[in-house]
Amino acid sequence: MLQDIEPYLACPHCARPLTLDGRTLRCPGGHSHDLAKQGYVSLLAGDAHTGTGDTADMVAARGDFLAAGHYRPIADALAEAAVAAVADAADGGLVADLGAGTGHYLAHVLDALPGRPGAALDISKYALRRAARAHPRIGAVVCDAWRPLPLLDASAGLVLNVFAPRNGPEIRRVLRPGGTLLLVSPTARHLRELVATLGLLSVDEEKQRRIDEKLGPYLTPAGRREVEFTMRLSAEDVRTVVGMGPSAWHTDPARLAERLTALPDPVEVTASVTVAAYRR
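These figures come from a predicted structure and were not determined experimentally.

I would appreciate a short explanation of the environment of R280 in the present structure.
Note on placement: R280 falls in the segment after strand 11 (267-279). Under the relative-accessibility criterion, R280 is labelled partly exposed at 31%. Among the polar contacts listed, one links the side chain of R280 to the backbone oxygen of R172, at a separation of 3.4 Å. Within the structure, R280 has its side chain in polar contact with the backbone oxygen of L175 (distance 2.6 Å).

Here you go:
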């Protein structure tokens, strides 16, 4: 799995190419990075902090919710957009998923793009343990989205970003000329039936405009579509979707359990996202 993405990797210390030697990645500068027994490799700089990464409980919740198929329309829309984005590319390069989590969406895209290698990039080792097993062509790499990414310049033909941090300068650097960023972000209607009742974090109505402004200096908008559908969620499903997202950092489990009693079981919940494309 790591062999597939080795030609695209860069040392986090000196940005020089990495070569796989057994279970170790080495660069010409003498830096080495050992492959973990769970299948991922850490390419974090020595002073990096991993405290913002998803916890084991959050990753388990996400794995359960996504495996149940509740967000399948989002994965399908992303795969369709990926196929359209690379249709005219003679040499597509790497598919890099920035903030890949468990690798669920990247695996779905790779199924639609036969032969393309995929890099799952995330700061959570718990997530990457799953991502490393999510697809035969995924290589899993621990890194910090807000620092220089451990990828060579112009190495990716396609970058995915699903509910994850967006580092505009680095995304532009790793994209090939003509390459595409596919960005999935929630609209203000996402999970709206749960936000007020359960005290969840809400989405700003101006979120998409702010994303466009931040990416504007680096990438050009190349189309978007909204994907909206209704899910029927049990009380356990609701507990899981809360536990897998950013609200998990701000929600007291006892308070959540109490508030869940105010919801019907099952409850109809809106999923609403924007799938936006940006070109280098």
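Explanation requested: the sheet that holds strand 2 (residues 24-26) in the structure shown.
Across a sheet, strands are paired by hydrogen bonds formed along the backbone, either parallel or antiparallel in direction. The strand order across the open sheet built from three strands is 1-2-3, with neighbouring strands paired in antiparallel fashion. Two strands close off the open sheet at either side, each with one partner strand: strand 1 (19-21) and strand 3 (32-34). Neighbouring strand axes in the sheet, compared pairwise and without regard to direction, differ in orientation by 30° on average. Judged from the three bridges that link them, strand 2 and strand 3 form a sheet pairing that is antiparallel. Of the residues in strand 3, the one forming a bridge with L25 is H33.

Just checking my understanding: could you explain the UniProt feature "domain: Methyltransferase" (unreviewed entry) in the protein for this structure?
Residues annotated in UniProt with the feature "domain: Methyltransferase" (unreviewed entry) correspond here to residues 95-179. What you have in residues 95-179 is 27% helix and 31% strand, and the ends, taken at the C-alpha atoms, are 10 Å apart.

Sorry, what's going on with the packing of helix 3 (residues 72-85) against helix 4 (residues 104-112) here?
Packed helix pairs are specified by the crossing angle of their axes together with the interaxial distance, meaning the distance between the axes. Packing of helix 3 against helix 4 brings their axes to within 9 Å, and their N-to-C directions diverge by 45°. By the criterion of interaxial angle, the relationship of helix 3 to helix 4 is oblique. Taken as a pair, helix 3 and helix 4 cross one another with a handedness that is right-handed. On helix 4, the residues that touch R72, I74, A75, D76, L78, A79, A82 and V83 of helix 3 are H104, Y105, H108, V109 and A112. Residues belonging to the contact of helix 3 with helix 4 are distributed by class as follows: nine nonpolar, two polar and two charged.

In this structure, what is going on with the sheet that holds strand 7 (residues 138-142)? I would like to understand it.
With mixed pairing, eight strands are arranged side by side in an open sheet as 4-7-6-5-8-9-11-10. At either end of the open sheet lies a strand with only one pairing partner, and these are strand 4 (40-42) and strand 10 (220-233). Here the strands of the sheet are splayed against their neighbours by 20° on average, with no regard to which way each runs. Each of strand 9 (175-186), strand 10 and strand 11 touches helix 8 (residues 207-215); the most contacted strand, strand 9, lies at about 160° to it.

Help me understand the packing of aromatic side chains, please; the structure alone is not making it clear to me.
Aromatic rings considered in pairs are described by the distance between their centres and by the relative angle of their planes. Taken as a whole and judged by the stated rule, the model has two aromatic pairs. Here the aromatic rings of F65 and Y71 are separated by 5.1 Å at their centres, their planes lie at 80°, and the arrangement is edge-to-face. Residues F65 and Y71 agree in their burial class; the two are buried. Between the aromatic rings of Y71 and F163, the centroid separation amounts to 6.3 Å while the plane-to-plane angle is 50°, which identifies the pairing as tilted. With Y71 in the loop between helix 2 (56-67) and helix 3 and F163 in the loop between strand 8 (156-162) and helix 6 (168-174), this residue pair connects regions lying 92 residues apart in the sequence. For Y71, a relative accessible area of 3% puts it in the buried group. Three or more aromatic residues link up through ring pairs in this structure, and these residues are F65, Y71 and F163.

What counts and what doesn't
- Residues numbered from 1 in each chain as written.
- Predicted model: local features only at pLDDT ≥ 70, side-chain atom pairs only at ≥ 80, totals over all residues.
- Heavy atoms only, no water.
- Helix = DSSP H or I, 4+ residues; strand = E, 2+ residues; numbered from the N terminus.
- Buried < 20%, exposed > 50% of the residue type's maximum accessible area, 1.4 Å probe, protein only.
- Polar contact = N/O pair within 3.5 Å; in protein donor to acceptor, adjacent residues only side chain to side chain.
- Pairing = 2+ DSSP bridges.
- Axes fitted to C-alpha atoms, helices over the stretch in contact; angles between N-to-C directions.
- UniProt positions renumbered as here; feature names shortened; annotations may be inferred.
- Parallel < 35°, antiparallel > 145°, perpendicular 65-115°, else oblique.
- Left-handed = near helix turned anticlockwise from the far one by under 90°.
- Contact = heavy atoms within 4.5 Å.
- Nonpolar A, V, L, I, M, F, W, Y, C, P; charged D, E, K, R; others polar.
- Phe/Tyr/Trp six-rings, centres within 6.5 Å; stacked < 30°, edge-to-face > 60°.

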